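Observations on the model geometry
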Amino acid sequence: MSTAEELPSQRHLFEVPPEVSYLDAAAWSPLPRAVRAAGEAGILTKSRPWEHPREAIPAWAERARAAAAGLIGAAADDVAIVGSISHAMAVAARNIEPMPGGRLLRVADEFPSLRFAFDTLAAVHGLVVEEVAPPRDGDWTAAILDAIERPGAPPLALATLTPLHWTDGGLIDLDRLAPAVHRAGAALVIDATQAVGAVPVDVARWRPDFLAFPTYKWALGPYGLGFLYAAPHRQDGTAIEDNLGNRPPAVGARRYDRGELNDPVALPMAATGLELIAGWGVLAVTARLRGLTDRLAEAAATLPLSVAPRHLRAPHILGLRSPSGLPAGIVDRLRRRGVFVSERAQALRVSPHVWADEDDLARCLAALKDEFERETRHAPGT
C-alpha cells in the first residue's frame, strides 16, 4: 500500500473531539472506544468477582499473547507478558553473557529503559560502551553500520537498537543493521516501543535475541503492560522474578511472564487494541501515517523548520527543527490551541496515528505558522 487513502481516518473509533489535534502517539495514545469498553468490563469483573469467574481470565492472557505475537511475526510460545520495557530489558540483560572486553553498541540519547540494565551488564562484564553520535547528514543507519564494522575496534558483543530514534523519528534500518550485527557474532536486543502497531516488525527477518514493546503507545492499549519476544535459544534462561505461572513446566518464553499475570482489566484492553491493528493491517496503517507525515513535512518546508529527507525518517514520526531553536514554551502554546505534540532533543516531535485527519494537519500547521510569525514580530530589531 502506498497512499494514506487506503486506510481512511479511524477517528470514529476514538473519543478525540473535532477541535483537538492529538498528534502525540509517540508519547501515549488515546484509547479506542472498544478498548475502553474492554477495560470497563474488566473493572466490573473485579468490582463484582462473584459474578465473573476468575477462570475466564487466563484465556485473555493467551489471546493477548497471540495477538502480540501476530504483530511481530512470532509464535505465541515465543512471547512473554511483562509489566514494562524496563522489565523486559532486565530479563534480556540477565540472560546475555557477553564476551568480556567486547563492545556494547547503541545510539546516543537512547531512551533510559534501553540503557540502564545494559549499563549494569557492561560494568559486570567489562564491556566498552560505544554510543553512536547523531550523524550530521541524518543517516543513522550508515553511522551505526560504520561503527559495527570499524576496523580495529574491540569485538562487538551486543547491540541494543531500535527501528528509529525515539526523539525525532530518524530511521534506523534494521533490515540492513541486523545482518551486520549477526555477522559480527554479537547478540541483538531490540526495543520496538516506537514501532509495533505503526510499522512492520518481523522477528524472523531481524532475528533478535530479545525484542520488546509496550501497548500504551502505537498498540492502542493500556499502561503497565508489555510483551517480550525471546528467540528459541533464549527461552531456557532465568526470570527476574519467580511466580506460580512462570516456573516449570512453563512453555517457551512464558518462563519470563510477570507475576499477577491474570489482570482482568489490562489483558482484555491489550488484546482488543492489538486485534484492531491486525484487522486494519499494519501495512495499511503505515501507509496512512506516511501520507500524513509527508504532507506535514512538505508544508513545514514553507516555515523556518527543517525535516530529515524522506528516506531517512520513519513513516509515522516527524521531527521538526528550527535553525535558531524552537520558540520557548511552544508546546504549551500549541496545546492551548488544541494541538498536542512533544518537544524532544530540540525537535518538535509530531506523531499522528489512525485517528488523525486533514483537519488535524491544517490546525497544526496554522498554529505553527502563527508561532513563527510571532517570533519574527518579537525578534530584536523588528
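Before any of the text, the structure's been laid out above.
Please read all numbers here as calculations on a predicted model, not as lab measurements. (Residues numbered from 1 in each chain as written. Predicted model: local features only at pLDDT ≥ 70, side-chain atom pairs only at ≥ 80, totals over all residues. Heavy atoms only, no water.)

Brief notes about the overall build of the protein chain
Let me state the cut-off plainly: Segments assigned H or I by DSSP are reported as helices when at least four residues long, segments assigned E as strands when at least two residues long, and all are numbered from the N terminus. Between the two quantities, the radius of gyration covers C-alpha atoms and the globule rule is 2.2 Å times the number of residues to the power 0.38. Each residue gets one of three labels from its accessible area relative to the maximum for its type: buried under 20%, exposed over 50%, partly exposed in between, using a 1.4 Å probe on protein chains only. Any two residues whose heavy atoms approach within 4.5 Å at even a single point are treated as in contact. Residue burial considers only the protein chains on display, and all accessible areas are found by Shrake-Rupley using a 1.4 Å probe. Neither His nor the chain ends contribute to the count of charged residues, in which Lys and Arg are positive and Asp and Glu negative. To locate a charge, the coordinates of NZ of Lys, CZ of Arg, CG of Asp or CD of Glu are taken.
Check the secondary structure of the protein chain and you find 11 helices and 12 strands. Its C-alpha atoms give the protein chain a radius of gyration of 22 Å, near enough to 21 Å, the size a compact globule of 382 residues would have. Taking all 382 residues of the protein chain together, 57% fall into the buried category. Pairs at least 24 residues apart make up 73% of the contacts formed inside the protein chain by residues separated by at least 6 positions. When the accessible surface of the protein chain is summed, it comes to about 16,200 Å², and 56% of that surface belongs to carbon and sulfur atoms. Counting 40 positive and 46 negative side-chain charges, the protein chain places the centres of these two groups 2 Å from one another.

Here's the deal with the packing of helix α1 (residues 33-47) against helix α8 (residues 266-280)
What counts, and what does not: Working convention: axes come from line fits to C-alpha atoms, limited for helices to the stretch in contact. Angles between N-to-C directions cover 0 to 180 degrees. For classification purposes, angles smaller than 35 degrees are called roughly parallel, those larger than 145 roughly antiparallel, those between 65 and 115 roughly perpendicular, and all remaining angles oblique. In this scheme the handedness of a crossing depends on how the near helix is turned from the far one: anticlockwise by less than a right angle means left-handed, clockwise means right-handed. Under the scheme applied here, ten amino acids are nonpolar (Ala, Val, Leu, Ile, Met, Phe, Trp, Tyr, Cys and Pro), four are charged (Asp, Glu, Lys and Arg), and all others, including Gly, are polar.
The interhelical angle for the contact between α1 and α8, taken along N-to-C directions, is 160°, at an axis separation of 8 Å. Comparing the axis directions of α1 and α8 gives the class roughly antiparallel. Pair α1 / α8 crosses with right-handed handedness. Along the contact surface, α1 presents A34, V35, A38 and G39, while α8 presents P268, M269, T272, G273 and L276. Looking at the contact of α1 with α8, its residues break down into 6 nonpolar, 3 polar and no charged.

Structural notes on the sheet that holds strand β9 (residues 318-320)
Working definition: the strands of a sheet are paired by backbone hydrogen bonds and lie parallel or antiparallel to each other. Heads up, the condition is: We call two strands paired when DSSP finds no fewer than two bridges between them.
In space, the 3 strands of this open sheet follow the order β9-β12-β11, with antiparallel pairing throughout. Edge positions in the open sheet fall to β9 and β11 (342-344), since each of these has one partner strand only. On average, adjacent strands in this sheet sit at an angle of 35° to one another, irrespective of strand direction. Two strands pair when backbone bridges link them, and β9 and strand β12 (residues 347-350) are joined in this way by 3 bridges, in the antiparallel orientation. Of the residues in β12, the one forming a bridge with G319 is R349.

Structural notes on the pairing of strand β7 (residues 210-214)
Counting buried positions along β7 yields 5 of 5 residues, so the element is predominantly enclosed. In β7, alternate side chains face the same way, and those of F210, A212 and P214 on one face and L211 and F213 on the other are all buried. Where β7 lies against strand β8 (residues 226-230), 5 bridges are found, and the strand directions are antiparallel. Paired with F213 across the strands is F227, a residue of β8.

Some points on the sheet that holds strand β3 (residues 103-107)
Strand order in the open sheet formed by 7 strands is β2-β8-β7-β6-β5-β3-β4, with mixed pairing between adjacent strands. In this open sheet, the two strands that pair with only one neighbour each are β2 (79-82) and β4 (128-132). Mean inter-strand twist for the sheet, computed between neighbouring axes without regard to direction, equals 20°. Here strand β6 (residues 187-191) pairs with β7 via 3 bridges, running parallel. Directly across from I190, in β7, lies its bridge partner L211. Where helix α2 (residues 57-72) meets the sheet, it contacts β2, β7 and β8, and its direction lies at approximately 120° from that of β2.

Digging into the pattern of salt bridges
What counts, and what does not: Only one rule defines a salt bridge in this text: a Lys or Arg side-chain nitrogen within 4 Å of an Asp or Glu carboxyl oxygen.
Applying the stated criterion across every chain, the model contains 29 salt bridges. As a salt-bridge pair, R11 and D357 come within 3.7 Å of each other at their nearest N and O atoms. Taken together, the positions of R11 in the segment before β1 (21-22) and D357 in the loop between β12 and α11 (358-378) put the pair 346 residues apart, joining distant regions of the chain. Looking at D357, the relative accessible area reads 19%, which means it is buried.

Concerning the packing of helix α5 (residues 140-148) against helix α6 (residues 174-183)
Two elements in contact, α5 and α6, have axes separated by 10 Å at closest approach and are oriented at 5°. As judged from the angle between their axes, α5 and α6 are roughly parallel. Residue-level contacts link T141, I144, L145 and I148 of α5 to R176, L177, A180 and V181 of α6.

Observations concerning the side chain of R258
Along the chain, R258 turns up in the loop between β8 and α8. Relative accessible area serves as the criterion here: at 11%, R258 is assigned to the buried category. Dropping the residues within four chain positions of it, R258 is found in contact with I81, V82, G83, H87, G224, L225, E241, N243 and D263.

Examining the nonpolar core
In plain terms, the rule: Nonpolar cores are built from buried Ala, Val, Leu, Ile, Met, Phe, Trp, Tyr and Cys residues. Side-chain atoms within 4.5 Å join them into one set.
Counting 96 residues, the largest nonpolar core has I72, I144, L211, F213, F227, L348 and L368 as the members making the most contacts within it. Ignoring sequence-local partners within four residues, the contact set of I72 consists of V79, V196, V201, D202, V203, L211, F213 and Y229. Within the second largest apolar cluster, 26 residues are counted, among which are L104, V189, F210 and Y256.

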